[in-house]
Amino acid sequence: MTVVLRPQLGMLVAALAVATAILFAGNQGWLGPVRDVVGRVLAPAQGAASTAGDATATWLAGWSDVGRLRVENDDLRVQVQDLVRENIRLRAFELENRDLREQLGYAESNPGLALAGARIIGLDQSAMNGYATIDCGSEQGVTDGMPVLSPAGLAGRVVSSTARTSSVLLVTHPSSSVNAYVLGATAATGVVNGTPDGRLVMRYLPPSERIVPGSIVVTSGLGGAFPRNLPIGRVAQVEARDIDMFQQATVEPLVDFRRLLVVLVARGYQPIRY
C-alpha cells in the first residue's frame, strides 16, 4: 500500500523537522556563532532605526518649543512696548518738573514781576507764523503786551488773549522788535529783531563801541515794552564796515525754543502804551 502525502501536510512535517533541529542545535550551543553574525549584520539597521526614531522625537519636541518660544516672544514684545511708553511718559514728567523747578527759582528771585506759569499747547516757529499758544488767558489776568519768559531769558510777548489761552509772538519772529544793549558796553544799544532762520540780529549799534563775540544781550527797557535787563541772547558775530553808519551783530537766542514746554508770564509788568 502506497501512502500519498498531501502538499500541506508535507510542509507542516518539514517545518516541524526544522524547528526540532533548530531547538536541538540551540541546546547544544551550535547557534551562537550564527547569532553573532546576524547581530553584526542587523546592528547598523537597528541603530539607524533607533536614530531615526530619536530624530523624529527631537523634531517634534523642537517644533513644540518653537511654538512656545513664539508665544513668549510675543509676550515680551508687548512688555517692551509698554516699558518704552512708560519710559517716555516718565521722561516727559521729568523734563516738565525740571522746567517747573527752574521757573519757581526764577519767579522767587523776581517777585516784582508777579510771574505766572503757563504750558505751551501750540508752537509754530516758521518764518510766517513764529507764535506760541499758552494755556493762560484773561481769566488768569493775562493781557496783551505782557512779556513771556523762561528761566533762560526772554521768549516773547503776548499779542492776543482769550479767556483761557493766549498767543505769544516769539522774539525769533521777523516782526518782533526788542530794544536792547550789550552787557559790558552800556552805550552799545540797539534793536533786536528776529530772522526767518530762527536767529536774532541786533541792529543800529554805535560804530565806536567794541563788541566782543560771546557777550550777553539784554533788554534795555527803552520804550517801556519790556522791563530792563531781561536776557535775550549771546553775540555770535559782529559785522562792522567803515561805510556803514552802524554795526550789526548776529545773536544766538538763549531760549531753546525746540525744548520749550512751559513759560512764565510777567503779569506784574504793564507795558507802556503809546
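Note that the structure is predicted; figures quoted are calculated from it, not measured.

How would you summarise the overall build of the protein if you had to cite specific residues and measurements?
Across its full length, the protein carries 2 helices and 12 strands. Ordering the α and β elements of the protein from the N terminus gives α-α-β-β-β-β-β-β-β-β-β-β-β-β. Counting only residues that meet the buried cut, the protein has 29% of its 274 residues in that class. Working note: accessible area of the protein is about 17200 Å², and carbon and sulfur atoms make up 59% of it.

Tell me what's going on with the nonpolar core, and back it up with residues and numbers.
Ranked by size, the top nonpolar core spans 42 residues in total, and within it Ile134, Leu154, Met202, Val217 and Ile232 carry the most contacts. In this structure Val217 touches Ala180, Tyr181, Val182, Val192, Met202, Leu230, Pro231, Ile232, Gly233, Val235 and Val251, once residues within four positions along its chain are discounted.

Tell me what's going on with the environment of Glu252, and back it up with residues and numbers.
Looking at the element boundaries, Glu252 is found in strand E11 (residues 247-253). Looking at Glu252, the relative accessible area reads 34%, which means it is partly exposed. Sequence-wise, Glu252 and Thr172 are 80 residues apart; in three dimensions their C-alpha atoms are separated by 9.8 Å. In this structure Glu252 touches Arg199, Ile232, Gly233, Arg234 and Ala236, once residues within four positions along its chain are discounted.

Account for the packing of aromatic side chains, with residues named and values stated.
Describing an aromatic ring pair means giving the distance of the ring centres and the angle of the ring planes. One pass over the full model with this rule turns up 1 aromatic pair. Seen in terms of ring centroids, Tyr204 and Phe246 are 5.8 Å apart; in terms of plane orientation they differ by 90 degrees. Their pairing is edge-to-face. Here the residue Tyr204 occupies a position in strand E8 (residues 200-205), and Phe246 occupies one in the loop between strand E10 (231-239) and E11, the gap between them amounting to 42 residues. Phe246 sits in the partly exposed class, given a relative accessible area of 39%.

So what's going on with unusual backbone geometry? Residues and values would help.
In this model, Tyr204 sits at a positive phi of 65 degrees, which is unusual for a non-glycine residue. Notably, Asn229 is not glycine yet its phi reads approximately 70 degrees, a positive angle. Note that Asn229 resides in the loop between strand E9 (216-219) and E10.

Account for the pairing of strand E2 (residues 130-134), with residues named and values stated.
Residues Gly130, Ala132 and Ile134 point to one face of E2 and are all buried, whereas Tyr131 and Thr133, pointing to the other face, are not buried. With 4 bridges joining them, E2 and strand E5 (residues 166-170) adopt antiparallel strand pairing. Along E5, the bridge assignment pairs Thr133 with Ser167.

Hey, could you go over the environment of Arg199 for me, with residue numbers and the actual values?
Relative to the helices and strands, Arg199 is located in the loop between strand E7 (185-194) and E8. Filtering out sequence-adjacent residues up to four positions away, Arg199 remains in contact with Thr172, Asn193, Gly194, Ala236, Thr250, Val251, Glu252 and Pro253.

Please provide a residue-by-residue account of the pattern of salt bridges, values included.
The tally for this structure, following the rule as stated, stands at 3 salt bridges. Arg164 serves as the salt-bridge partner of Glu139, at 3.4 Å between the closest nitrogen and oxygen. Here Glu139, found in the loop between E2 and strand E3 (147-150), pairs with Arg164, found in the loop between strand E4 (153-161) and E5; they are 25 residues apart in sequence, far enough to count as distant. Owing to a relative accessible area of 53%, Glu139 belongs among the exposed residues under this scheme. In this structure, the salt-bridge partner of Arg199 is Glu252, at a minimum N-O distance of 2.7 Å. On the criterion of sequence distance, the pair formed by Arg199 in the loop between E7 and E8 and Glu252 in strand E11 is long-range, its members being 53 residues apart.

The rules behind the values
- Residues numbered from 1 in each chain as written.
- Predicted model: local features only at pLDDT ≥ 70, side-chain atom pairs only at ≥ 80, totals over all residues.
- Heavy atoms only, no water.
- Helix = DSSP H or I, 4+ residues; strand = E, 2+ residues; numbered from the N terminus.
- Buried < 20%, exposed > 50% of the residue type's maximum accessible area, 1.4 Å probe, protein only.
- Areas by Shrake-Rupley, 256 points an atom, 1.4 Å probe, with all protein chains shown as cover.
- Core = buried A, V, L, I, M, F, W, Y, C linked by side-chain atoms within 4.5 Å.
- Contact = heavy atoms within 4.5 Å.
- Phe/Tyr/Trp six-rings, centres within 6.5 Å; stacked < 30°, edge-to-face > 60°.
- Pairing = 2+ DSSP bridges.
- Salt bridge = Lys/Arg side-chain N within 4 Å of Asp/Glu carboxyl O.

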